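Each chain, letter by letter, is given below.
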Amino acid sequence: MDKLMLDGNAVAGLLQEVFAVEMTTAVGTCGGCGAAGPVGAIHVFRGAGIVLRCPRCGNTLAKIVKNDSRVWIDLTGIRTLEVTV
Ligand SMILES: [Zn+2]
């Protein structure tokens, strides 16, 4: 396992801050392979920002960059995101 890789639970606080709902149980569908699964199972890589990758095919699902006052989110690789409200 890559030392910089975690699972989706590692960004639970950040995602909850951005989306204001519980995100680890939200179900995302990969835009690359069509696999659907909970955000908590997504592979998370840390670097200059955070990259979320599909655990099945490695497709980049989302990129998140945050500073003290703003968050930039690229969700290009997620086909759908189903959240409980
Ligand atoms: Zn995939």
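The rules behind each value
- Residues numbered from 1 in each chain as written.
- Predicted model: local features only at pLDDT ≥ 70, side-chain atom pairs only at ≥ 80, totals over all residues.
- Heavy atoms only, no water.
- Donors = N, O, S within 2.8 Å, 3.2 Å for Na, K, Ca; no water.
- Tetrahedral: all angles 85-135°; square planar, octahedral: opposite > 155°, others 65-115°.
- Buried < 20%, exposed > 50% of the residue type's maximum accessible area, 1.4 Å probe, protein only.
- Pairing = 2+ DSSP bridges.
- Helix = DSSP H or I, 4+ residues; strand = E, 2+ residues; numbered from the N terminus.
- Axes fitted to C-alpha atoms, helices over the stretch in contact; angles between N-to-C directions.

### Here's the deal with the coordination of the zinc ion
Stage number 1. For the zinc ion, the full set of protein donor atoms is Cys30 (SG), Cys33 (SG), Cys54 (SG) and Cys57 (SG), at a range of 2.3 to 2.4 Å.
Stage number 2. If you look at the zinc ion, its four donor atoms make angles of 104 to 113° with each other, and the shape they trace is tetrahedral.
Stage number 3. Taking relative accessible area as the criterion, Cys54 reaches 4% and is therefore assigned buried.
Stage number 4. The class for Cys57 is partly exposed, based on a relative accessible area of 39%.

### Re the sheet that holds strand β8 (residues 78–82)
Stage number 1. The strand order across the open sheet built from three strands is β3-β2-β8, with neighbouring strands paired in antiparallel fashion. Lying at the two open borders of the sheet, with one neighbouring strand each, are β3 (36–38) and β8. Strand-to-strand twist in this sheet, taken as the mean axis angle between neighbours without regard to direction, amounts to 25°.
Stage number 2. Across three bridges, strand β2 (residues 27–30) lies against β3 in antiparallel orientation. When the bridges of β3 are listed, Gly28 appears paired with Gly37.

Everything listed is a geometric property; what it means functionally is a separate question.
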